[in-house]
Amino acid sequence: MAVEPRRWRLFIDNRWLDAGDGETTPVINPTNGTVLGRVAMATAADVDKAVAAAHRAFTGWSDRSGVERGTLLDKIADQLQSRREEIVANQVANSGKPLVEAGIDADDAIATYRYYADEACRLDARQDTDVQLIEGFAGRTRFEPLGVAGLIVPWNFPLVTSGWKVAAALAAGCTVVLKASEFTPSNELLLGEAALAASLPAGVVNIVTGGPDCGRAICEHPLVAKISFTGSNRVGQEVMATAARRSVPTTLELGGKSAIVAFGDSDPYEAAQWICDGIFYNAGQVCSATSRLLVERSFEAALRPVLLEKTEAIRLGDPADPSTGMGPMTTRAQYNKVISYFDIARQEGLSPSCGGHVVDRNGGLFIAPTVYWDVPPTSRLWREEIFGPVLCVRSFSDEDDAVRQANESDYGLAATIVGQDQQRNARLARRLRAGHIWINSAPVVFPQSSWGGFKASGIGRELGPWGMAGYMGTKHITEARSALTV
């Protein structure tokens, strides 16, 4: 499944272009450090070209019926489906994801475009909905696209996170400028090929790659009418500050330090599986990773040996090998960041129950799955988002204690509940301050569900009808009945 070295260009106005100044940066395979190719680094002038193209295309695209837009979204899904093998190969080589995870990503992206194709088709029937007013007046509502949407996505789920944004925006009638990560551009730019093959009008989808200056140019551009950002809190604050200067509607999907709560009536083997799924999937590079385990005190003795054994059995290796359970960190910077938390742990007097070290394997960015037990709530490992395969564990005494500890976080993106008491699980789901709750489940996300968090985990929601609503404004039309009878 080797990917040939190549040069990735910008996709603007249905054309493939080099960056204005010709600058490129290498794209690295994190499994072995080899160079997969080079990708263009867009300048502010390139962003201006992309936004101008999207602005020109907006009227024609937004004037189309929802059914027409939905039909084209379905065609994009068809094109992605026909390229599924290539998408998986790119995800393995460019992101270091194991085959199973790469396949899930491909299917997730395809399903998202299918879902929003259906939502676009349903939009027509929602237009001009009657609103009951006082006698003598008639009212109705319409849902109008905001305009050019500037979409900025991270490197950890290429094609997936961008699909959540692009498909929803297109369904709503917006045109888009997508800033993909320069670290993982292969599948994001493959979307441009799919758009061409689906005969999407020029300018409707534009894709640029680049560093912080590229993202800043999108946020500052006067013709960008909506911004949607997924990434770190630090950068999210900059995005929000920039958007605030122009009062631009902004969606932010930021960090997390999510809890998984395991009760004593759980099966230790099932619980261990869900715990591992929640923290070691994608090598922990997941904003919603359940990196804080709260285990009922009476359950610790049964769960601990099973969880540690399962963690130590996770096989690191070539992600193209079907037997590999966890791949490398995707970027050198993230690899170094996780290592720095091992140093912090030592400074705090913490010792890992397993892991806590790098794994030397052919120059790859591998880190052993790691568990720290009895981590104090003041620890930086307990409070800060590490974004790596590091699980921190504490015990709790009862339901109230579990809720208190789970909610004592700056974040509120997600949480998982493990236990057999359905009434208790339902109570806990209501009490946890998080945007998405899983119960006795791996952390799966469906296009029909909502995605987003409370507190510092962000503003707004993606996926489901809520995601599409973020790209539309509600217009109310009021008419005097006397005018209607003229």
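Computed from a prediction, not measured in an experiment: that's the story for all the values here. (Residues numbered from 1 in each chain as written. Predicted model: local features only at pLDDT ≥ 70, side-chain atom pairs only at ≥ 80, totals over all residues. Heavy atoms only, no water.)

A short note on the overall build of the protein chain
No. 1: Helices and strands together make up the secondary structure of the protein chain, namely 16 helices and 24 strands.
No. 2: Taking 23 Å as the expected radius of gyration for a compact globule of 486 residues, we find that the protein chain reaches 23 Å, a close match to that expectation.
No. 3: A buried classification covers 57% of the 486 residues belonging to the protein chain.
No. 4: Considering only contacts within the protein chain whose residues lie at least 6 apart along the sequence, 72% involve residues at least 24 apart.
No. 5: Accessible surface, the protein chain: about 19,100 Å² in total, of which carbon and sulfur atoms supply 52%.
No. 6: Charged side chains in the protein chain number 48 positive and 56 negative. The centres of these two groups are separated by 4 Å. (Helix = DSSP H or I, 4+ residues; strand = E, 2+ residues; numbered from the N terminus. Rg over C-alpha atoms; globule rule 2.2 N^0.38 Å. Buried < 20%, exposed > 50% of the residue type's maximum accessible area, 1.4 Å probe, protein only. Contact = heavy atoms within 4.5 Å. Areas by Shrake-Rupley, 256 points an atom, 1.4 Å probe, with all protein chains shown as cover. Lys, Arg positive; Asp, Glu negative; His and termini not counted. Charge placed at Lys NZ, Arg CZ, Asp CG, Glu CD.)

What about the packing of aromatic side chains?
No. 1: For the coordinates displayed, the defined rule picks out 6 aromatic pairs.
No. 2: Where Phe 11 meets Trp 16, the ring centres are 4.8 Å apart and the plane angle is 50°; that geometry is what we call tilted.
No. 3: The exposure class of Phe 11 is buried, given its relative accessible area of 0%.
No. 4: Relative to Phe 396, the ring of Phe 263 lies with its centre 5.2 Å away and its plane at 80°, an arrangement referred to as edge-to-face. Here Phe 263 is found in the loop between β13 (259-262) and α9 (268-280), whereas its partner Phe 396 is found in strand β18 (residues 390-396), with 133 residues between them in sequence. Per residue, the accessibility class of Phe 263 equals that of Phe 396, and both read buried.
No. 5: Positioned above the aromatic ring of Phe 454 is the side chain of Arg 433, whose terminal nitrogen or guanidinium carbon lies 4.6 Å from the ring centre.
No. 6: Stacked on the ring of Phe 454, the Lys or Arg Arg 461 has its end atom at 5.4 Å from the ring centre. (Phe/Tyr/Trp six-rings, centres within 6.5 Å; stacked < 30°, edge-to-face > 60°. Lys NZ or Arg CZ within 6 Å of the ring centre and 35° of its normal.)

Things to note about the nonpolar core
No. 1: In terms of nonpolar packing, the biggest core is built from 126 residues, with Ile 76 and Leu 170 touching the most fellow members.
No. 2: It is helix α4 (residues 99-126) that provides the largest number of residues to this core, a total of 10 residues.
No. 3: With 27 residues, the next largest nonpolar core counts Ala 42, Ala 50, Ala 54 and Phe 229 among its residues. (Core = buried A, V, L, I, M, F, W, Y, C linked by side-chain atoms within 4.5 Å.)

Structural notes on the sheet that holds strand β7 (residues 137-145)
No. 1: Across the sheet, which stays open at both edges, the 3 strands sit in the order β6-β7-β24 with antiparallel pairing between neighbours. Of all the strands in the sheet, the pair left with one neighbour each is β6 (129-131) and β24 (472-480). The mean angle between the axes of side-by-side strands here comes to 30°, regardless of whether they run parallel or antiparallel. (Pairing = 2+ DSSP bridges. Axes fitted to C-alpha atoms, helices over the stretch in contact; angles between N-to-C directions.)

Description of the side chain of Thr 290
No. 1: Assignment of secondary structure puts Thr 290 in the loop between α9 and β14 (292-296).
No. 2: Setting aside anything within four residues of it in sequence, one finds Thr 290 in contact with Ser 258, Ala 259, Ile 260, Gly 278, Ile 279, Leu 391 and Thr 416.

What to know about the packing of helix α7 (residues 212-220) against helix α8 (residues 233-246)
No. 1: Closest axis-to-axis distance for the α7/α8 pair is 9 Å, and the angle between their directions is 25°. Of the possible angle classes, the one that applies to α7 and α8 is roughly parallel. In terms of crossing hand, the pair formed by α7 and α8 is right-handed. From α7, Arg 216, Ile 218, Cys 219 and Glu 220 reach across to α8, where they touch Glu 238, Val 239, Thr 242, Arg 245 and Arg 246.
No. 2: Grouping the constituent residues of the contact of α7 with α8 by class yields 3 nonpolar, 1 polar and 5 charged. (Parallel < 35°, antiparallel > 145°, perpendicular 65-115°, else oblique. Left-handed = near helix turned anticlockwise from the far one by under 90°. Nonpolar A, V, L, I, M, F, W, Y, C, P; charged D, E, K, R; others polar.)

Overview of the pattern of salt bridges
No. 1: Scanning the model with the defined rule gives 28 salt bridges in all.
No. 2: Residue Lys 475 is joined to Glu 144 by a salt bridge in which the shortest nitrogen-to-oxygen separation is 3.6 Å. Taken together, the residues span a long stretch of sequence, with Lys 475 in strand β24 and Glu 144 in strand β7 at a distance of 331 residues.
No. 3: The closest approach of N and O atoms between Glu 399 and Arg 427, which form a salt bridge, is 2.8 Å. One end of the pair, Glu 399, is in helix α13 (residues 399-407); the other, Arg 427, is in helix α14 (residues 422-431), and 28 residues separate them in sequence.
No. 4: Taking relative accessible area as the criterion, Arg 427 reaches 34% and is therefore assigned partly exposed. (Salt bridge = Lys/Arg side-chain N within 4 Å of Asp/Glu carboxyl O.)

The values reported here are purely geometric and, on their own, carry no functional implication.
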